Amino acid sequence: MNNLASQLHFAGIDIGSTMSKAVIVDAESAMKAYVVGPTGAEHRRRANKVMEDVLARADLKIEDIAYIVSTGYGRVNVPFADKQITELTCHARGVASLFPDVRTAIDIGGQDAKVLKIKNGRLTDFLTNDKCAAGTGRFLEVAAETLGLELNEMGRISMQTDTPVKINSLCTIFAQQEIISRLSEGQPLPDILAGVYIAIATRVVKLARQLKVETPVVFTGGVAKNAGMVKAMETVLGMKLLVPQEPLITGALGAAILARDQAYQLVQRGEYDSHREKKLSEAYIEFTEKGS
Amino acid sequence: MVTAVTKGLSLAKEVYQDRGKRVRELRKAGKKIIGYVCLYPPVEIITAMGLIPFRVFGDMNETITAADQVSTTVVCPFLRSIIDLGIKGKFNFLDGIVGAHTCDIGAGLIIQWRDYVKDAAFTHLIDVPHTDHAASVDYFSGQLNSFKRHLEEFTGQKLTDDKLAKAVEQHNRQRQLVRQLYDLRKPDPPLLSSSENLEVLVALFSLPVDEGNELLENVIEEVKNCVNKQVSKKARLLVWGPVFDNTSLYELIESAGASVVVDDTCVGTRAFWADVRPPYDLQSLAQRYLVDIKCPRTYRQSEPAETARSYDKDLESRFNYIRKAVTDWKVNGAILQSVKYCDTHGYEVPNLRHYLDTLGIPSLYIEHDYSERSLAPIKTRVEAFVETLG
């Protein structure tokens, strides 16, 4: 790695359906900086923006980054990335870097939920529900809208009760109707909110059980930031969950660590210099031009 | 042949892209074309009667609209697509259709065809038992006899032993050539892509048997002699499941960095793996179709007393042919695909995944609604699966 001595930094960029995240790590895979921001409609501009922001936070320039891996829903829209790797592989790697013994990871994002089986830090099996909003962050957003609440209030209010109402429908739209009819029955708000969390948890746990849940179990994704949701997941699963300090960025973190691995492999094969040259002449220029 | 200049893989592609073109020409020249659905109507009988068998598929890019009159959306979308195209007149080059009770909807389709497809001169449904016991084979043989008599009535011709034996030889020859075609994907890298392979097979289902055999001979010759464009990939996959007659899935898998080297699907090996064994009569056809075709629509319980006692023995008797494919094609992963609402295949998936686990072969299960757009959300899962193998 001698020739990389002046640029021992690697970046991972995760363009999710709702949020975009970027992480920079050093040669020891330690995190130097991260950013999180909404994705919006223009993936390419967003990719440039989060990259600029994370570079500013790490006090680095794009030329200082040796290798970039993009992941997530919008991974194809990161023109300056060296390689695209799916969010499933990246999440597994990111989670395993924080919890080396992890065997199961459950990630609930804005529009999908995934369950990963991990062994010795590697993804071995997975399931996703990527066709329907049930059991995802979107479900929570719809519920919040229906009840006229902010997302961050919901968790707190739901914790005030131990008697959640039953929300039977797993479909987001039908569940919305069910919430309205529970309201009109006069059910207390905390009970309804707790019921919503249990409904999402039931849906995701059903997915997880298909893969056999082994401990330790790590819970990540934007939805894991919600205390009410963590409690509901623990209740339905019947076990404690580990939640990273910043559960949104495990995909980007894994991507950054995989970027480091990829660069090391190139060095070992003696291909790094030519790769770097090509990179500096094409992709980075594209980044600086389009980004501004 | 279709044109004087096109042959081999380019001819296969041409036929794949316009399946009805050649049979329309033959029909103009006075030939009669008999459509068939699924693998169980014996093509040998159709060929032997001087008719041309044409396997009916749906169209993954045609939105289903007309079929809503005759069935709801909880029905197999592949079979719905077929009746949809039938009602819309897209199979107007067929002189008749024959189906088999391979599954309930497959049987119902033939009744719908009789009632809703204009100008259906000949429709026939063959009843197929769901187990492979000796008594079932005898019953199925009787069903084939009824089919034969119905075709004799339709054509005014007799089916002689000689005609049947000749047709069996031609179709057996086709099966042998297809197995040679599959051998070309045993090396690393394989000598042709799975999409090219599928185009050839779909062409075979659209041409008279002699033209199909000539196509196969040319393709094999061409592939053996040309410079191999394929590259070696870490993932060598087997694809399993019901009918998939469109290259889109294979393109998706191969663009994710894997090679599909072999399959267990009914547009692939299932249709061509078993020959009809002598004496080439209806009983040997019954044996070939009911017992030797390995499709989950028939429950194969070779030793009832033993399999009833042991789950592992049951799995082995149902899936041991997959063990052989895994070894012979050096497979290191499997993609199990199914069309939505296919209970025949859905029932098999957990058991098959368990069997593959015991062979040390990781597998991914995906489901689609027989439309190209339903494949897009599958892409990330296929890519992640390939990454776990790398």
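Not measured: the values here are computed from a predicted model. (Residues numbered from 1 in each chain as written. Chains lettered and ligands numbered in written order. Predicted model: local features only at pLDDT ≥ 70, side-chain atom pairs only at ≥ 80, totals over all residues.)

## A closer look at the overall build of chain B
Now for step 1: A count of helices and strands for chain B gives 16 helices and 8 strands.
Now for step 2: Its C-alpha atoms give chain B a radius of gyration of 20 Å, near enough to 21 Å, the size a compact globule of 390 residues would have.
Now for step 3: Across its three principal axes, chain B shows a C-alpha extent of roughly 60 × 55 × 45 Å.
Now for step 4: Within chain B, counting contacts between residues at least 6 apart in sequence, those at least 24 apart form 71% of the total. (Helix = DSSP H or I, 4+ residues; strand = E, 2+ residues; numbered from the N terminus. Rg over C-alpha atoms; globule rule 2.2 N^0.38 Å. Contact = placed C-beta atoms within 7 Å.)

## Describing the overall build of chain A
Now for step 1: The helix and strand tally for chain A stands at 10 helices and 9 strands.
Now for step 2: Whereas a compact globule of 292 residues would reach a radius of gyration of roughly 19 Å, chain A reaches 20 Å, a difference of no more than 12%.
Now for step 3: Per-residue burial over chain A gives 47% buried out of 292 residues.
Now for step 4: At a minimum sequence separation of 6, the contacts of chain A that also span at least 24 residues come to 70%. (Buried ≥ 20, exposed ≤ 12 C-beta atoms within 10 Å, placed from the backbone.)

## A word on the packing of helix α7 (residues 161-183) of chain B against helix α9 (residues 209-225) of chain B
Residue and element names in this part refer to chain B.
Now for step 1: At their nearest, the axes of α7 and α9 sit 10 Å apart, and the two run at 25° to each other. For the element pair α7 / α9, the angle class is roughly parallel. Seen from above, α7 lies across α9 with left-handed handedness. Of the residues in α9, those in contact with Q170, H171, R173, Q174, L177, V178, Q180 and L181 of α7 are V209, D210, G212, N213, L216, E217, V219 and I220.
Now for step 2: When the residues that make up the contact of α7 with α9 are grouped by side-chain class, the tally is 7 nonpolar, 6 polar and 3 charged. (Axes fitted to C-alpha atoms, helices over the stretch in contact; angles between N-to-C directions. Parallel < 35°, antiparallel > 145°, perpendicular 65-115°, else oblique. Left-handed = near helix turned anticlockwise from the far one by under 90°. Nonpolar A, V, L, I, M, F, W, Y, C, P; charged D, E, K, R; others polar.)

## Topic: the pairing of strand β3 (residues 31-38) of chain A
Residue and element names in this part refer to chain A.
Now for step 1: With 7 bridges joining them, strand β2 (residues 19-26) and β3 adopt antiparallel strand pairing. Directly across from I24, in β3, lies its bridge partner A33.
Now for step 2: Hairpin connection between β2 and β3: a loop of 4 residues separates the two successive antiparallel strands, and S29 in this loop has a positive phi of roughly 65°. (Pairing = 2+ DSSP bridges.)

## Focus: the domain arrangement of chain A
Now for step 1: Each assigned domain of chain A is listed with its residue range as follows: domain 1 (2-91 + 249-291) and domain 2 (127-237).
Now for step 2: One C-alpha centre belongs to domain 1 of chain A, the other to domain 2 of chain A, and the line joining them spans 33 Å. (Domains from an automatic or database assignment.)

## So, the sheet that holds strand β6 (residues 258-265) of chain B
Strand-to-strand pairing in sheets goes through backbone hydrogen bonds, with the strands running parallel or antiparallel.
All names here are of chain B.
Now for step 1: If you walk across this open sheet you meet the 4 strands as β6-β5-β7-β8, and the pairing is parallel. Both edges of this open sheet fall to β6 and β8 (363-368), since each of them pairs with a single strand only. Taking the axes of each pair of neighbouring strands and ignoring which way they run, one obtains an average angle of 25° across the sheet.
Now for step 2: Summarising the sheet, strand β5 (residues 235-241) and β6 pair through 7 bridges and their orientation is parallel. Considered in β6, the bridge of G241 is made with T265.
Now for step 3: Running over the sheet, helix α16 (residues 379-389) touches β5, β6, β7 (333-339) and β8 and is turned about 170° from β8.

## Observations regarding the sheet that holds strand β4 (residues 65-71) of chain A
Residue and element names in this part refer to chain A.
Now for step 1: Read across the open sheet, the 5 strands follow the order β3-β2-β1-β4-β5; overall the sheet is mixed. Bordering the open sheet on either side are β3 and β5 (83-84), each of which pairs with just one other strand.
Now for step 2: Here 6 bridges tie strand β1 (residues 9-15) to β4, and the two strands are oriented parallel to one another. The residue bridging D14 from the neighbouring strand is T71, located in β4.
Now for step 3: The strands that helix α1 (residues 43-58) touches are β1, β2 and β3; relative to β3, the one it contacts most, it runs at about 145°.

## Concerning the packing of helix α2 (residues 87-98) of chain A against helix α8 (residues 250-268) of chain A
Residues and elements named next belong to chain A.
Now for step 1: Between α2 and α8, whose axes approach to 7 Å, the crossing angle comes to 90°. In terms of their interaxial angle, α2 and α8 are classed as roughly perpendicular. On α8, the residues touching E87, C90, H91, A92, R93, G94, V95 and S97 of α2 are T250, G251, L253, G254, A255, I257 and L258.
Now for step 2: The residue makeup of the contact of α2 with α8, split by class, is 7 nonpolar, 6 polar and 2 charged.

## Describing the interface of chain A and chain B
Now for step 1: Each partner contributes residues to the interface: chain A has 10 residues there, and chain B has 7 residues.
Now for step 2: Of the residues that constitute the side of chain A that touches chain B, the class distribution is 4 nonpolar, 4 polar and 2 charged.

## Examining the environment of B:E44
All names here are of chain B.
Now for step 1: Mapped onto the elements of the fold, E44 is located in helix α3 (residues 43-48).
Now for step 2: Distance from E44 to L285, taken between C-alpha atoms, is 8.5 Å for residues 241 residues apart in sequence.
Now for step 3: Sequence-distant contacts of E44, that is, excluding residues within four places in its chain, are made with L164, A167, V168, H171, V276 and L285.

## A few points about the domain arrangement of chain B
All names here are of chain B.
Now for step 1: Assigned domains within chain B: domain 1 (32-159) and domain 2 (233-390).
Now for step 2: When each unit is reduced to the centre of its C-alpha atoms, the spacing between domain 1 and domain 2 is 24 Å.
Now for step 3: With 27 residues of domain 1 at the interface, the matching set in domain 2 holds 32 residues.
Now for step 4: Those elements giving two or more residues to the side of domain 1 that touches domain 2 turn out to be α4 (77-87) and α6 (134-155).
Now for step 5: A total of 6 residues in the side of domain 1 that touches domain 2 trace back to one element, the largest contributor, which is α6.
Now for step 6: Of the residues that constitute the side of domain 1 that touches domain 2, the class distribution is 16 nonpolar, 9 polar and 2 charged.

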